[in-house]
Amino acid sequence: AFDGPLQSIVTANGAFTITRNNFNEFVRIRLDGNRFSVKPGKLEGSRIANFRSWHYVDYLRRDATGRWTADTSGKIPAASAARGNAGNIGNGGVVIKVLTKAVNEGFTLSYALPAREWTLTGTSGDTEKVAVAAAPAGTQWAIKLGDKVKVTLTQGATAFETGDKFTFSMFVAKSAAGKVHVVSLGSTAVKDEE
């Protein structure tokens, strides 16, 4: 059997990914009583089965730890975890709630002093801002961008500074079946996102 390249689950370099993989599987045996050496590129034994095609499809999204995880939201829109820019000074949490009018879109949260103001901007150009009078640890900002998304940011022990940013994305499957994870016999054609 051949096991193809692995989609790394350690580091999610994007917000979402769809993997489609096709395989041809067959069975080989040895009749000389020896084990297979399992060395790459070494052909051993005899093939005793016809090739059998199979495939799998995975929908993955970035989680809060920055790793890929299965997107099991099906037909429901999903958001990736927010990722802070490497140069962020402040720390704190970001909670994302996907709302009823969610669409495929990327978002940026940007912080600015002295107004203690967060700005949420979508790739559609939609923008909302929210400011607070004071921002001690535990302060929360809540921003709603239409009926697409609501974000709640919580100040951590280190205050946010001008230029601190977070990014995240929302993904809605175009297929009537939604995001369906598949392992099945036969091949699958690689198509645009369904």
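Conventions we followed
Residues numbered from 1 in each chain as written. Predicted model: local features only at pLDDT ≥ 70, side-chain atom pairs only at ≥ 80, totals over all residues. Heavy atoms only, no water. Pairing = 2+ DSSP bridges. Helix = DSSP H or I, 4+ residues; strand = E, 2+ residues; numbered from the N terminus. Axes fitted to C-alpha atoms, helices over the stretch in contact; angles between N-to-C directions. Buried < 20%, exposed > 50% of the residue type's maximum accessible area, 1.4 Å probe, protein only. Salt bridge = Lys/Arg side-chain N within 4 Å of Asp/Glu carboxyl O. Phe/Tyr/Trp six-rings, centres within 6.5 Å; stacked < 30°, edge-to-face > 60°.

Turning our attention to the sheet that holds strand β8 (residues 92-98). With respect to topology, three strands assemble into an open sheet ordered β8-β13-β12, the strand pairing being antiparallel. In this open sheet, the two edge strands, each paired with only one partner strand, are β8 and β12 (140-145). Here the average twist between neighbouring strands, direction ignored, is 15°. Here β8 runs beside strand β13 (residues 149-155); their pairing, made up of seven bridges, is antiparallel. When the sheet's bridge partners are listed, Val-94 is paired in β13 with Leu-153.

Moving on: the pairing of β13. The buried count for β13 comes to five of seven residues, which makes it a mostly enclosed element. Pairing of β12 with β13 involves six bridges; the strand directions are antiparallel. In the strand pairing of β13, Gln-140 is matched with Thr-154. Connecting β12 to the next strand, β13, in antiparallel fashion are three residues, including Gly-146 with a positive phi near 55°.

Taken as a whole and judged by the stated rule, the model has six salt bridges. For Asp-32, the salt bridge is made with Arg-30, and the minimal N-O distance between the two is 2.7 Å. A salt bridge links Asp-147 to Lys-144; the nearest nitrogen and oxygen atoms lie 3.7 Å apart. For Asp-147, a relative accessible area of 39% translates into the label partly exposed.

What follows deals with the packing of aromatic side chains. All told, the structure shown has eleven aromatic pairs when counted by the stated rule. Between the aromatic rings of Tyr-111 and Phe-160, the centroid separation amounts to 5.7 Å while the plane-to-plane angle is 50°, which identifies the pairing as tilted. Here Phe-160 lies in the loop between β13 and β14 (165-171) and Tyr-111 lies in strand β9 (residues 105-112), a separation of 49 residues in the sequence. Phe-160 shares its class with Tyr-111; the two are buried. Ring-pair connections join several aromatic residues into one group, and the members of that group are Tyr-111, Trp-118, Trp-141, Phe-160 and Phe-166.

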